[in-house]
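Take a look at the letters that make up each chain.
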Amino acid sequence: SPAIIAFALGIVCNLVKLGNLLPEATLYVGNLSALVTPLCMIILGMKLGDVSFKNMFTGWKAYYVAGVKLVLGPVLLCAIMIACYHLFAMPAEVAFGAFLGFGLPTATLGIVFADNYGGDAQSGVIYTLSNTVLSVITLPLLYGALAALL
């Protein structure tokens, strides 16, 4: 698979310190990496045209996925972070950083992979969009709860 080959090449480039040997290579890779998010958003928009808005928020699966991703995962992580904060004097910034990593919505790259490798890209679009919309509610509430408990 091209993604695995690229990942392996990236590891090799890192091990041989290619950035130190050829600084231009790092510049070009940086420019290419800046294209990833816009290209994913374009693909998301194109796939969104195939999805019925009625199906987007009426199916229980979207809420189930959002509940696990945006509530259950961050709540479990918060419990661990609060315990580490009190038991090991872990800095609060570490807890907030870990919370943001778990609490933010699903990335759009999953849709690209599903589309490229024959997966269910339509469900990926529904889950990504519902997670993004619902995170507007869950993120401030859970962040406030974590801030109150630390």
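These lines cover the structure that appears in this document, whether it is placed above or below. (Residues numbered from 1 in each chain as written. Predicted model: local features only at pLDDT ≥ 70, side-chain atom pairs only at ≥ 80, totals over all residues. Heavy atoms only, no water.)

**Focus: the overall build of the chain**
Inference 1: Counting its regular elements, the chain contains 9 helices and 0 strands.
Inference 2: Reading the helices (α) and strands (β) of the chain from amino to carboxyl end gives α-α-α-α-α-α-α-α-α.
Inference 3: Taken over C-alpha atoms, the radius of gyration comes to 19 Å for the chain, far larger than the 15 Å a tight globule of 150 residues would show.
Inference 4: By principal-axis analysis of the C-alpha atoms, the chain measures approximately 50 × 50 × 20 Å.
Inference 5: Counting across all 150 residues of the chain, residues that qualify as buried make up 23%.
Inference 6: In the chain, the proportion of contacts linking residues at least 24 apart, taken out of those at least 6 apart, comes to 76%.
Inference 7: Total accessible area on the chain is roughly 9700 Å²; 75% of this is exposed by carbon and sulfur atoms.
Inference 8: With 5 positive and 5 negative side-chain charges, the chain shows a spacing of 9 Å between the two charge centroids. (Helix = DSSP H or I, 4+ residues; strand = E, 2+ residues; numbered from the N terminus. Rg over C-alpha atoms; globule rule 2.2 N^0.38 Å. Buried < 20%, exposed > 50% of the residue type's maximum accessible area, 1.4 Å probe, protein only. Contact = heavy atoms within 4.5 Å. Areas by Shrake-Rupley, 256 points an atom, 1.4 Å probe, with all protein chains shown as cover. Lys, Arg positive; Asp, Glu negative; His and termini not counted. Charge placed at Lys NZ, Arg CZ, Asp CG, Glu CD.)

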